[in-house]
Number of protein chains: 2
Amino acid sequence: MNLASTDDFDLDDYLRRQSSTVDQALEIYLRKYPGAQQTIFRAMRYGVFPGGKRIRPILTLASGELFGAPANRLLPFACGVELIHAYSLIHDDLPALDDDDLRRGEPAAHKVFGQGMALLAGDGLLTEAFQLMSDKDATQGVKPELVLALIHELAHAAGVMGLVGGQALDLEAEGKEADLATVEVIHVRKTGALILAAIRIGARLGGATEIELARITRYGEFLGLAFQIADDILDARAETAASQQGETGHKEQKKATYPLVVGIVQARERLGELLQLSLFELEPFGARSLPLAAIARHVAERALSTQA
Amino acid sequence: MNLASTDDFDLDDYLRRQSSTVDQALEIYLRKYPGAQQTIFRAMRYGVFPGGKRIRPILTLASGELFGAPANRLLPFACGVELIHAYSLIHDDLPALDDDDLRRGEPAAHKVFGQGMALLAGDGLLTEAFQLMSDKDATQGVKPELVLALIHELAHAAGVMGLVGGQALDLEAEGKEADLATVEVIHVRKTGALILAAIRIGARLGGATEIELARITRYGEFLGLAFQIADDILDARAETAASQQGETGHKEQKKATYPLVVGIVQARERLGELLQLSLFELEPFGARSLPLAAIARHVAERALSTQA
């Protein structure tokens with residue numbers, strides 16, 4: 001198979017099916033509580049539904065299915081990843097951090113429920129992720145040693161060496177001149193770590209060999225960085241468009257981004273390069289890796305397609 | 001042995017030794033990171049050192065030792081409990097919740113590091129708790145099934161059915177007339193759940209039988225509620241003293257507290273009753289339960305000793 005082409009693969013259909021699977025599972029996991037009409041539950045749900053594209057949990061599914069793992073084995077962990085992503089967005093939008101009033105075109109959680117409740121909803125979702133993954137009914141059939149190792153991997157990715165640490169570096173870099181090394185470190189920790197963990201967790205649940213896991217890990221590292229660079233390019237494009245229309249900019253301070261440091265042309269070159277590198281790692285897996293390849297293309301091409 | 005008397009037990013010395021054991025373990029667990037001079041690490045440490053009395057992790061140790069568990073088996077979980085407690089205090093002090101500028105007489109984390117960094121430090125500590133408890137080196141010798149069950153129990157106590165949910169109810173009750181049932185539910189979830197989990201986790205690590213665990217659970221339930229009522233009484237006393245001296249009150253709104261709902265006299269009666277109930281549950285364990293009995297007395301007696 002030539003992985004340079006994923007044309008015959010219907011990614012839209014694939015993403016639709018997988019995100020619906022993820023949504024159903026999240027729905028079941030979050031429905032287990034009595035008294036769910038309480039504000040905190042509504043605030044937590046608000047952070048989870050409707051979600052975005054569910055790219056992270058879909059990566060767990062795609063990576064696990066590449067190694068033959070059934071969806072029900074993957075879902076508690078895929079959803080754990082998504083709950084952590086959802087918590088991080090709620091906290092990120094708070095005035096103490098990015099101070100964003102909108103999330104996916106809708107009022108941010110703190111605009112709807114107030115800052116205190118939004119803060120607690122984020123805390124609740126983060127805790128819920130670990131409660132879900134340590135639930136022996138949810139993870140039935142997965143060896144406890146492996147469950148623990150996956151919880152540990154995800155906690156590491158979400159914690160001070162990953163997501164939280166990346167956010168902190170990002171916060172400190174605000175308004176300062178950042179160099180490329182700083183931008184990459186922030187990206188790798190803030191965005192890359194969780195994406196990488198999502199992918200590795202799937203592969204580990206599928207029983208990938210060490211060599212296979214090493215390949216999947218490199219794919220995940222390239223994809224994680226590509227993901228954030230693509231976002232940066234799209235943000236820069238949106239900002240340019242907004243300022244051309246005389247609209248007021250984002251409330252947040254200038255962030256350390258790829259296009260800001262190396263320019264849009266080089267950012268796009270780097271993105272194209274990362275896409276090729278990620279696809280290269282998938283080659284030995286052949287057609288089974290079509291979903292992962294198509295996702296990588298999809299992530300990169302939204303930012304490569306047109307000029308800013 | 002007559003548990004009505006714990007006079008011969010040197011609680012001060014016991015608490016000093018145990019809190020020093022906890023501090024040393026926390027120091028080791030938090031020291032594992034490279035680049036620890038980064039602000040986020042300093043903010044996380046600031047939330048942990050110097051701590052308060054370390055009552056929660058000491059309860060895990062005391063409960064575990066009652067059933068013969070060695071300290072090294074208990075410490076990862078005792079410290080997990082304390083990290084969760086530390087995170088909750090940092091978030092609680094933020095302007096979005098209680099808006100407290102001081103914590104144990106020192107500037108709150110958000111006054112030192114800013115709100116964004118304090119928010120992230122709390123997130124980091126919560127995540128770190130789960131990373132620590134899922135670390136197979138740290139929990140060596142404990143069966144993976146049990147490790148998972150304890151992580152699950154602690155996540156439940158920290159989550160939306162426990163600490164986070166209690167905080168949310170407390171936030172919603174602010175400035176409203178609360179009845180006794182509401183106050184008890186808030187207390188049980190906000191304070192009681194984590195104390196109960198701390199105690200139960202120790203007993204489970206010590207291999208308590210089901211009957212023993214049921215007793216220890218009741219002890220923990222009584223103690224958890226007693227703990228918060230005692231705090232409420234002490235707070236009410238401090239506020240009365242402050243207002244007599246013409247000092248401005250607390251920044252936060254009136255909270256739902258026991259003395260506010262039933263009056264200080266009845267609150268104190270209820271506290272005395274809870275103390276007796278908790279001690280009663282310990283009787284079958286004899287002298288081995290002296291530390292737990294002395295801690296219960298200590299918790300209650302600070303609020304029973306003098307008139308408000």
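Residues numbered from 1 in each chain as written. Chains lettered and ligands numbered in written order. Predicted model: local features only at pLDDT ≥ 70, side-chain atom pairs only at ≥ 80, totals over all residues.

Draft legend 1. Region of interest: the overall build of chain A. When you go through chain A residue by residue, the secondary structure sums to 13 helices and 2 strands. Taken over 308 residues, chain A has a buried fraction of 54%. (Helix = DSSP H or I, 4+ residues; strand = E, 2+ residues; numbered from the N terminus. Buried ≥ 20, exposed ≤ 12 C-beta atoms within 10 Å, placed from the backbone.)

Draft legend 2. The arrangement of the environment of Gly263(A) in detail. Residues and elements named next belong to chain A. Examined against the element boundaries, Gly-263 turns out to sit in the loop between α11 (258-262) and α12 (264-282). Taking the C-beta count within 10 Å as the criterion, Gly-263 has 12 such neighbours and is therefore assigned exposed. Each C-alpha atom, one on Gly-263 and one on Ser-20, is 38 Å from the other, the two residues being 243 residues apart in sequence.

Draft legend 3. Up close: the confidence of the model for chain A. Across chain A, pLDDT averages 91, with 93% of residues at or above 70. Predicted as a complex, the structure gets a pTM of 0.94 and an ipTM equal to 0.94. (pLDDT = per-residue confidence, 0-100.)

Draft legend 4. Spatial organisation of the interface of chain B and chain A. Across the boundary between the two partners, chain B contributes 42 residues, which contact 42 residues of chain A. Sorting the residues of the side of chain B that touches chain A by element identifies α2 (39-48), α6 (115-133), α7 (144-158) and α8 (163-173) of chain B as the ones contributing at least two each. Among the elements that line the side of chain B that touches chain A, the one with the most residues is α6(B), at 12 residues. In terms of residue class, the side of chain B that touches chain A is built from 23 nonpolar, 13 polar and 6 charged. (Contact = placed C-beta atoms within 7 Å. Nonpolar A, V, L, I, M, F, W, Y, C, P; charged D, E, K, R; others polar.)

Draft legend 5. Region of interest: the environment of Thr60(A). Residue and element names in this part refer to chain A. By the secondary structure assignment, Thr-60 is in helix α3 (residues 55-66). Owing to 31 C-beta atoms within 10 Å, Thr-60 belongs among the buried residues under this scheme. Counting along the chain gives 245 residues from Thr-60 to Ser-305, while the straight-line C-alpha distance between them is 26 Å. Once residues within four sequence positions are removed from consideration, Thr-60 is found in contact with Leu-74, Phe-77, Ala-78, Val-81, Ala-198, Ile-201 and Gly-202.

Draft legend 6. Representation of the relation of the copies chain B and chain A. Overlay of chain B on chain A (RMSD 0.0 Å): rotation 180°, translation along the axis 0.0 Å. Interpreted geometrically, this transformation is the action of a two-fold axis. Minimal C-alpha distance to the rotation axis in chain B is attained by Pro144(B), lying at 2.8 Å. Here 100% of the contact residues of chain B are again contact residues in chain A; the copies associate through an equivalent surface. (Least-squares fit on C-alpha atoms with pLDDT ≥ 70 in both.)

Draft legend 7. Up close: the packing of helix α2 (residues 39-48) of chain A against helix α6 (residues 115-133) of chain A. Residues and elements named next belong to chain A. In the contact formed by α2 and α6, the axes pass within 9 Å of each other and the chain directions differ by 70°. Between α2 and α6, the angle is such that the two are roughly perpendicular. For the pair α2 and α6, contact is made by Thr-39, Ile-40, Ala-43, Met-44 and Gly-47 and by Met-117, Ala-118, Leu-120, Ala-121, Gly-124 and Leu-125, respectively. (Axes fitted to C-alpha atoms, helices over the stretch in contact; angles between N-to-C directions. Parallel < 35°, antiparallel > 145°, perpendicular 65-115°, else oblique.)

Draft legend 8. Just the nonpolar core, in detail. Core analysis: the largest hydrophobic core is formed by 212 residues, its most contacted members being Ala121(A), Ala226(A), Ala121(B) and Ala226(B). If we ignore the near neighbours within four places in the chain, the residues touching Ala226(B) are Leu271(B), Leu274(B), Leu275(B), Ser278(B), Val299(B) and Ala300(B). (Core = buried A, V, L, I, M, F, W, Y, C linked by C-beta atoms within 7 Å.)

Draft legend 9. Layout of the environment of Ser63(A). Residue and element names in this part refer to chain A. Mapped onto the secondary structure, Ser-63 falls in helix α3. Its 30 C-beta neighbours within 10 Å are what place Ser-63 among the buried residues. Residues Ser-63 and Gly-202, spaced 139 residues apart in sequence, show a C-alpha to C-alpha distance of 5.0 Å. Those residues in contact with Ser-63, other than ones at most four positions away along the chain, are Ile-199, Gly-202, Ala-203, Ile-216 and Leu-292.

Draft legend 10. Region of the structure containing helix α4 (residues 71-93) of chain B. If you check α4(B), its first and last C-alpha atoms are 32 Å apart, about what 23 residues at 1.5 Å a residue would give, namely 33 Å. By the criterion of burial, α4(B) is predominantly enclosed, with 20 of the 23 residues buried. (Expected span 1.5 Å × (residues − 1).)

Draft legend 11. Geometry of helix α13 (residues 290-304) of chain B. All names here are of chain B. If you check α13, its first and last C-alpha atoms are 20 Å apart, about what 15 residues at 1.5 Å a residue would give, namely 21 Å. Among the 15 residues of α13, 11 are classified as buried, and the element is accordingly described as predominantly covered. Within the span of α13, buried status applies to Leu-290, Pro-291, Leu-292, Ala-293, Ala-294, Ile-295, Ala-296, Arg-297, Val-299, Ala-300 and Ala-303. On its buried face, α13 sits against α1 (11-30), α3 (55-66), α10 (210-244) and α12 (264-282).

Draft legend 12. Structural context of unusual backbone geometry. Note the cis peptide between Phe49(A) and Pro50(A), where omega equals -15°. The topology assignment puts Pro50(A) in the loop between α2 and α3. Unusually for a residue other than glycine, Arg104(B) sits at a positive phi of about 50°. By the element assignment, Arg104(B) lies in the loop between β1 (102-103) and β2 (106-107).

Draft legend 13. Up close: the packing of helix α7 (residues 144-158) of chain A against α7(B). As a packed pair, α7(A) and α7(B) sit with axes 8 Å apart at the nearest point and diverge in direction by 45°. Between α7(A) and α7(B), the angle is such that the two are oblique. Both α7(A) and α7(B) take part in a crossing whose hand is left-handed. In contact with Pro144(A), Glu145(A), Val147(A) and Leu148(A) of α7(A), α7(B) contributes Pro144(B), Glu145(B), Val147(B) and Leu148(B). For the contact of α7(A) with α7(B), the per-class residue count stands at 6 nonpolar, no polar and 2 charged. (Left-handed = near helix turned anticlockwise from the far one by under 90°.)

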